[in-house]
Amino acid sequence: MFCAKCGSTTSNGESLCEQCSGEENGSIPVNGAGPGKPRKIRIAIIALISVFVLLAGAVTVGKLFFNRDFMQLIQGKTKYAQNIELATAQESAKQLVSILDKGVGLAQSYDKPKTLNSAVQFNVKLQDQLLKDFNLPAEQSAAVQKTMEYLNSLNMSAKTLINEKGTQTSLTITDPSALKLTVDSLVYKDGKTYIHIPEILNKYLVAESYPASQVTPYSISQIKYDPVKLQASLDNLASIYANSLSAAAMKAENDQSITVDGVTVQGQRLTALLTAPQTAAMVKAIAEAAKNDDYLYTFVSDNYSLFAGLAGIDAQASSEKLTKENYGKLIDELFTSLNLEEDGVTFSAVSYLSQNGDLLAHSYESQDNTGKAQLNYMISHEKYAVEFLIDQKTGFLFTNTKTAEGTGKIHLDIRSEEDPKSIGINVDYSGCKMVPFLDSETLVGTYTVSLYDPNHEIGKYVEESVLPSAFNQLDQASLRMETTLNGDELSDHIQLDIPNVLSALVVQKTSGTIGNPSIPSQPEPSLVVDLSKDESGEAMNELSIGGIKFLAETLKKDPELAAVFAAFGIPKEQIEILAAYYAQA
C-alpha cells in the first residue's frame, strides 16, 4: 500500500508510513506549487473522481453521527471527516449498483421476444409570420400550405418484432388515396443493419452498422456482473479513499455558509485538505487497489467490448480478451496521464454540518497553481442541487426540485466564459411514475421542456444571423410530452410550439403481445447493396429509377399527391414520361 501523505510504500496495509504516522496534522497549508500549464480537463477529472459520491444521483446519508461537537470531541475531527466521506462514498457505490441493476433489468425486459404495434398521426402548422418573412410569392406560399395539408393527411403505422436474432421494424406510410410506402429496418444483434423498401427496390441497403459494443438495449442487457461482488469491490475503494484522509490537514470553522442555486445553508465547515503528494498518493492507492481487485478485473474484462466501444477503442482491439496485464497497464496509463504530483494538484473534501450532525451540503475542490475545479451539492427532501465550476466561470448547475411525488422541476444551466455565457433548459414534470406494460415497465407522466436563456443570448444570435425575424422568439419555444397508459394501450402526445414559426402535434398509440415472433435471417450477399461502396453508381441509379417508377404509378391513382406536385409546377404527366424513359433504357 502507499502512504496517503508522502506516497512512499507502507507495511501491513497501513495508510501512513512509519515517518508520517508520527507527525501531527497542522493547519491547512497554502499550495506552493510553481507555475505550470493549465490543465482544466485534468482538474475536472479529479473533481469528479472525488465524488464517487454524485455518480449515483440523489445520495443522502441524513443525520450522520449524533451531536456534531460531541462526536468530534470523542472521535477527533479527522476520524469524524473520514466517517462522513466513507458513509457518503459507500452509499454512492450502493446507488451505482442499484442503477446498474435497474438498467440491466429494463434492457432485458425490452429485449424479450414480443410484438409491438404503433399508429402515428401528426399535424404541423407553419405560422403566418414565418411565411411572411420568407417573402414568398403568393403561388409559392399556397404550394407550401398545400404541402403541409397533404403531410398532415398521412398516416403511419409501425410493427416491431423482437426475438433472439434482433429487431425488425416495418413502417408503413399511407395517404387517403393510393399512397402506400413500406420501409423495413432489420437490426441484428451482431450490429449489422439493413433497410428494405420493397415498393422501390427488391434489394437490401446496408445501413451504417454499429459496433456490437455500442450502447443498445441488447448490449446493456448482456452486461455480466455479480452485484454483491461489485458492491464489495466498490466499498473497498471507498474505504481506501476515506483512509487516505487520515493524513489530511483539518480545519473546522463555525457559522460558515454555502449557496447553491439561490439556497443558502449555514453550519460548521469541516475541511480535509490533501497536499499534492498526498493527493497523488490517494489516487495511486485507489488505482493500485483497482488493479489488484480480481473481481473488478473480471467485471471490466467480461464487458470489455462495451467499455472499449464507449472509450473509442477500435473494434478489433475491443473484441480481444482483456488480459490482467493489459488491465493493469490501462489503469497505470490513466494515473500517469493525470500528472497529479508534477502539477501540484491538491484535493479538499468539505462538509457543511448542522449542530445535531445533519450533513447540509458537500463540496469537493481540486486545485493547482493555474486553476481550480469545485463541485458543490446540496440535498434535501425537496431539492437536489449540483454545481460544478472551473475557476468559478465555466461549468454547470443541475437541480431537481420536487413539489409532490412524481412532480417537480429539473433545471440545467450550462455556463461558459464565452457566449453564450449562460444557457440551459427547464423541465417541468408531473404525474411521473413507472407502470407495467407488457413484460417490462415504462415511464408515464407529463414533461414540459423550455429553454433557459436569462441573458436573451438566443435572441441576440438570431438577430446577428440570417434567420428570419420570426425566430426572434425562439427562446420561448416549448416541448410538451405526455405518456399515459389506458388499459393495454400506451399513448404518447408530443406538442412542439415555436412562436411565430410553427406548431406541431404528434400522437402515437402503442399496443403489443408477448411471444416469440419470427424475423428474416440476414439477407444473402447477392441481395445486399452498399451505397458507400457503389463506385460505378449503378446501385444508386437503380434506386433512383425505382423511386421514379413508384412515384409515377402512385400519381396516377392519387389526386392529393398529384395536387401537391402540381402546386410546384410539376404535372404528373411529366413524372410518367420520365418513368417511361427509364423503363425503355
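Predicted, not measured: the structure shown is a model, and the values here were computed from it.

Cut-off values and rules
- Residues numbered from 1 in each chain as written.
- Predicted model: local features only at pLDDT ≥ 70, side-chain atom pairs only at ≥ 80, totals over all residues.
- Heavy atoms only, no water.
- Buried < 20%, exposed > 50% of the residue type's maximum accessible area, 1.4 Å probe, protein only.
- Helix = DSSP H or I, 4+ residues; strand = E, 2+ residues; numbered from the N terminus.
- Contact = heavy atoms within 4.5 Å.
- Axes fitted to C-alpha atoms, helices over the stretch in contact; angles between N-to-C directions.
- Parallel < 35°, antiparallel > 145°, perpendicular 65-115°, else oblique.
- Left-handed = near helix turned anticlockwise from the far one by under 90°.
- Nonpolar A, V, L, I, M, F, W, Y, C, P; charged D, E, K, R; others polar.
- pLDDT = per-residue confidence, 0-100.
- 1 Å grid on protein atoms, 1.4 Å probe; cavity = no way out; pocket = protein on both sides within 12 Å on 5 of 7 lines; lining within 4 Å.
- Points joined across faces, edges and corners; volume = space filled by probe spheres on them.
- Phe/Tyr/Trp six-rings, centres within 6.5 Å; stacked < 30°, edge-to-face > 60°.
- Lys NZ or Arg CZ within 6 Å of the ring centre and 35° of its normal.
- Pairing = 2+ DSSP bridges.
- Polar contact = N/O pair within 3.5 Å; in protein donor to acceptor, adjacent residues only side chain to side chain.

## Description of helix 14 (residues 457-464)
No. 1: Every buried residue of helix 14 is listed here: Glu-457, Ile-458, Gly-459 and Val-462.
No. 2: For helix 14, the elements touching its buried residues are strand 15 (422-437) and strand 16 (440-452).

## Overview of the packing of helix 9 (residues 276-292) against helix 13 (residues 324-338)
Packed helix pairs are characterised by how far apart their axes lie and by the angle those axes make with each other.
No. 1: Across the interface, helix 9 lies against helix 13 with an axial gap of 10 Å and an inter-helix angle of 170 degrees. In terms of their interaxial angle, helix 9 and helix 13 are classed as roughly antiparallel. Here the hand of the crossing between helix 9 and helix 13 comes out right-handed. Residue-level inspection shows Ala-280, Val-283, Lys-284, Ala-287, Glu-288, Ala-290 and Lys-291 of helix 9 in contact with helix 13, the latter providing Lys-324, Tyr-327, Gly-328, Ile-331, Asp-332, Phe-335 and Leu-338.
No. 2: Tallied by class, residues from the contact of helix 9 with helix 13 come to eight nonpolar, one polar and five charged.

## Overview of the confidence of the model for the chain
No. 1: Per-residue pLDDT for the chain has a mean of 84; in total, 84% of the residues score no lower than 70.
No. 2: Here helix 2 (residues 40-50) stands out as the element of the chain with the lowest mean pLDDT, 47, in contrast to strand 17 (residues 478-486), whose mean of 97 is the highest.
No. 3: Across residues 22-41 the pLDDT falls below 50, and counting only partners more than four positions away or on other chains, this stretch makes 34 contacts in the model.
No. 4: With pLDDT under 50 throughout, residues 43-65 is counted as low confidence; its partners more than four residues away or in other chains account for 72 contacts.

## Examining empty space enclosed by the protein
No. 1: This model, assessed by the stated rule, comprises one cavity of 30 Å³ or more.
No. 2: Forming the walls of the largest cavity are Ala-81, Ile-84, Glu-85, Leu-245, Leu-270, Thr-271, Ala-272, Ala-349 and Ser-351.
No. 3: Within the residue set of the lining of the largest cavity, elements represented by two or more residues are helix 4 (77-110), strand 8 (263-274) and strand 9 (346-353).
No. 4: Residues belonging to the lining of the largest cavity are distributed by class as follows: six nonpolar, two polar and one charged.

## Looking at the packing of aromatic side chains
No. 1: Within this structure, the stated rule accounts for eight aromatic pairs.
No. 2: Ring geometry for Tyr-241 against Phe-347: centres 6.2 Å apart, planes inclined by 70 degrees, an arrangement best described as edge-to-face. Of this pair, Tyr-241 sits in helix 8 (residues 227-244) while Phe-347 sits in strand 9, and the two are 106 residues apart along the sequence. We note that Tyr-241, like Phe-347, is buried.
No. 3: In this structure an aromatic cluster arises from ring pairing among Tyr-241, Phe-347 and Tyr-364.
No. 4: Residue placement shows Lys-114 over the ring face of Tyr-110; its charged tip is 5.6 Å from the ring centre.

## A look at the pairing of strand 5 (residues 193-196)
No. 1: Note: strand 4 (residues 180-188) against strand 5, four bridges, orientation antiparallel. Of the residues in strand 5, the one forming a bridge with Leu-186 is Tyr-194.
No. 2: Between the antiparallel neighbours strand 4 and strand 5 lie four residues, among them Gly-191 with a positive phi of about 100 degrees.
No. 3: Bridge count between strand 5 and strand 6 (residues 204-206): three bridges; the pairing is antiparallel. Among the inter-strand pairings, His-196 is bridged to a residue of strand 6, identified as Tyr-204.

## A look at the environment of Thr-483
No. 1: Within the secondary structure, Thr-483 sits in strand 17.
No. 2: Taking relative accessible area as the criterion, Thr-483 reaches 16% and is therefore assigned buried.
No. 3: Taking the C-alpha atoms as reference points, Thr-483 and Lys-509, separated by 26 residues in sequence, lie 9.7 Å from one another.
No. 4: Ignoring anything within four residues of it in the chain, the contact list for Thr-483 reads Leu-443, Val-444, Gly-445, Leu-490, Ser-491 and Asp-492.
No. 5: For Thr-483, the side chain forms a polar contact with the side chain of Asp-492, separated by 2.6 Å.

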